[in-house]
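Notes for the structure review
Listed here are the chains, written in short residue letters.
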Amino acid sequence: MQANGAGGGQQQQPPQGPAGPELGCLGAQNGEASAGTAAGDQLAHANGLLPSANSGGGSPGGLSVNNGVPAAGGPGPAAAELGGGGGSALKKKKRLSQSDEDVIRLIGQHLHGLGLNQTVDLLMQESGCRLEHPSATKFRNHVMEGEWDKAENDLNELKALVHSPHAIVRMKFLLLQQKYLEYLEDGKVLEALQVLRCELTPLKYNTERIHVLSGYLMCSHAEDLRAKAEWEGKGTASRSKLLDKLQTYLPPSVMLPPRRLQNLLRQAVELQRDRCLYHNTKLDSNLDSVSLLIDHVCSRKQFPCYTQQILTEHCNEVWFCKFSNDGTKLATGSKDTTVIIWQVDPDSHQLKLLKTLEGHAYGVSYIAWSPDDNYLVACGPDDCSELWLWNVQTGELRTKMSQSHEDSLTSVAWNPDGKRFVTGGQRGQFYQCDLDGNLLDSWEGVRVQCLWCLSDGKTVLASDTHQRIRGYNFEDLTDRNIVQEDHPIMSFTISKNGRLALLNVATQGVHLWDLQDRVLVRKYQGVTQGFYTIHSCFGGHNEDFIASGSEDHKVYIWHKRSELPIAELTGHTRTVNCVSWNPQIPSMMASASDDGTVRIWGPAPFVDNQDIEEECSSMDS
């Protein structure tokens, strides 16, 4: 007969006699005996893990189960010896590894925070671990009860457990500061003064803070004290914060850092989000907003990879597109000499034609929104010497600017103050102008391909025909080299924080530069870039993504940290000249093409949770 009745043959009847009752209870691991029965068929188990059901109808000895692993048990003297001897069935408790002990302590701390103290006691007793050092427990209790003299005495016991000799002084300072503030709140000014003069000052630590604390003696009432000290007042909240500060001076073997398990879980969630190629929503640090039971995976179906709308109102090649800063409008410029302004519906995310701005004789190859989105500047291609400044609200032309018929005004950038802009081209100069087109400054001898104003309001970045980007300061009239490429820089754009530059480089594709360190960070693969001017962009939540058009009729999207594209969007039938990511709606992107259309990209229609779960499952497999 096989143990657990799995042999398939006829099971033996148990022998009658005194051996039966003795087999009723087998020793369980960790010294916990399971209750026996007269029939002798009770199963013994450890740590509450139940074994599988016995298929026999009265097996003589039952099974001894250690942590759910059945041990063979059979009839006869051997089983009787186990049942009768008891102690010989007990195995030595397995020694826990350091990581096991750490996990048990983390769980215990979390359960303690939930108020499940009896469960914590049982867990520690059964595992043989301790949540924290007994001296730390005593210290914690005295701090939370406001027994400051006892808490101060506890520091003497903790001194031998602290690594830094200065830590005890700092901890004592924090204790006395809380004691001082609580005396003040209670109106015990003399006692507070005694603490300040005779306890805090002799520590000779943080004298600046002592001066600040002494100023609180002038507070007229408790509310005034709490406001000036930025303190929660006497009670659990402020003492818990104090304990959090005190713990930083104690080794984790003595007292765990506060909310350690939650912090570890939060870090794990954030790391998974950071590694998720399609994560494109605001990060929520609240663990209640996610499931800890599954890994974080964003579906591609939630990413702007699907055509939501095709805008066909232009009747020739579309050279440029740009969303407004508030994300409510899209401006598109075309070879057909018009700029069209589209309104974004905040609910459906559909676009409808709002205004058509006409009269750009050379066509429109570049558009720039003012910082407040009230104005729009439009420029033409290389042979265009004119610039148009439009009032977006009224649709009226405010300024039509031209310095010379031989000039070239092909690029423009707004100063952050919204009162000035810079413009230039490849004829050898660029200008700084006001909203009426009046010339404020000029910089000669620079053949400009693309312009950008930094947030300092002083520096203008310009890519030129020497395959570089230089910074020009109009205030002190200095310039410096920032980026040097080996091939022509056809266009570039700057991240919101001003740290990164995204370049479209002739025959090379899309390059990412760190402007602060002046180093090439990454070369993105896949895009086809010749000598056409293609405008790429940063986008998505936190500008984690990069998108670019391509001469192979596609739109490419990369995660900022990955050189390989995470999406290739098809649909256009000719070169894609420009892409723009909506700065307020991370799931919306626009692309403009020589095929005469503008495509609006968004998530897959009719995305539901089941689709997402299926995609997650397929990715896991």
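In case you missed it, the structure is sitting above this.
Residues numbered from 1 in each chain as written. Predicted model: local features only at pLDDT ≥ 70, side-chain atom pairs only at ≥ 80, totals over all residues. Heavy atoms only, no water.

This part takes up the pairing of strand 5 (residues 329-334). Burial within strand 5 is extensive, with 6 of its 6 residues counted as buried. Because side chains alternate across strand 5, one face comprises the buried residues Lys329, Ala331 and Gly333, and the other comprises Leu330, Thr332 and Ser334, equally buried. Two elements, strand 4 (residues 318-323) and strand 5, share 5 bridges in a ladder whose sense is antiparallel. Among the inter-strand pairings, Val318 is bridged to a residue of strand 5, identified as Ser334. Between strand 4 and strand 5, which pair antiparallel in sequence order, lie 5 residues; one of them, Gly327, sits at a positive phi of approximately 75°. Both strand 5 and strand 6 (residues 339-344) contribute to a ladder of 5 bridges, which runs antiparallel. Its bridge partner lying in strand 6, Leu330 is registered against Trp342. As consecutive antiparallel partners, strand 5 and strand 6 are separated by 4 residues, and within that stretch Thr337 has a phi angle of approximately 75°, a positive value. (Buried < 20%, exposed > 50% of the residue type's maximum accessible area, 1.4 Å probe, protein only. Helix = DSSP H or I, 4+ residues; strand = E, 2+ residues; numbered from the N terminus. Pairing = 2+ DSSP bridges.)

What follows deals with the environment of Leu213. Locating Leu213 in the fold gives a position in helix 9 (residues 207-215). Separated by 33 residues in sequence, Leu213 and Tyr180 place their C-alpha atoms 8.5 Å apart. Apart from the residues lying within four places of it in its own chain, the contact partners of Leu213 are Phe173, Gln177, Tyr180, Leu181, Leu196 and Leu200. (Contact = heavy atoms within 4.5 Å.)

The next subject is the nonpolar core. In terms of nonpolar packing, the biggest core is built from 45 residues, with Leu330 and Leu376 touching the most fellow members. In this structure, Leu330 is in contact with Leu311, Cys321, Lys322, Phe323, Ile340, Ile341, Trp342, Leu351, Trp369, Ala590, Val598 and Ile600, ignoring residues within four places of it in sequence. Of all hydrophobic cores here, the second largest spans 19 residues; its members include Ala136, Val143, Trp148 and Leu155. (Core = buried A, V, L, I, M, F, W, Y, C linked by side-chain atoms within 4.5 Å.)

The values are spatial; any link to function lies outside them.
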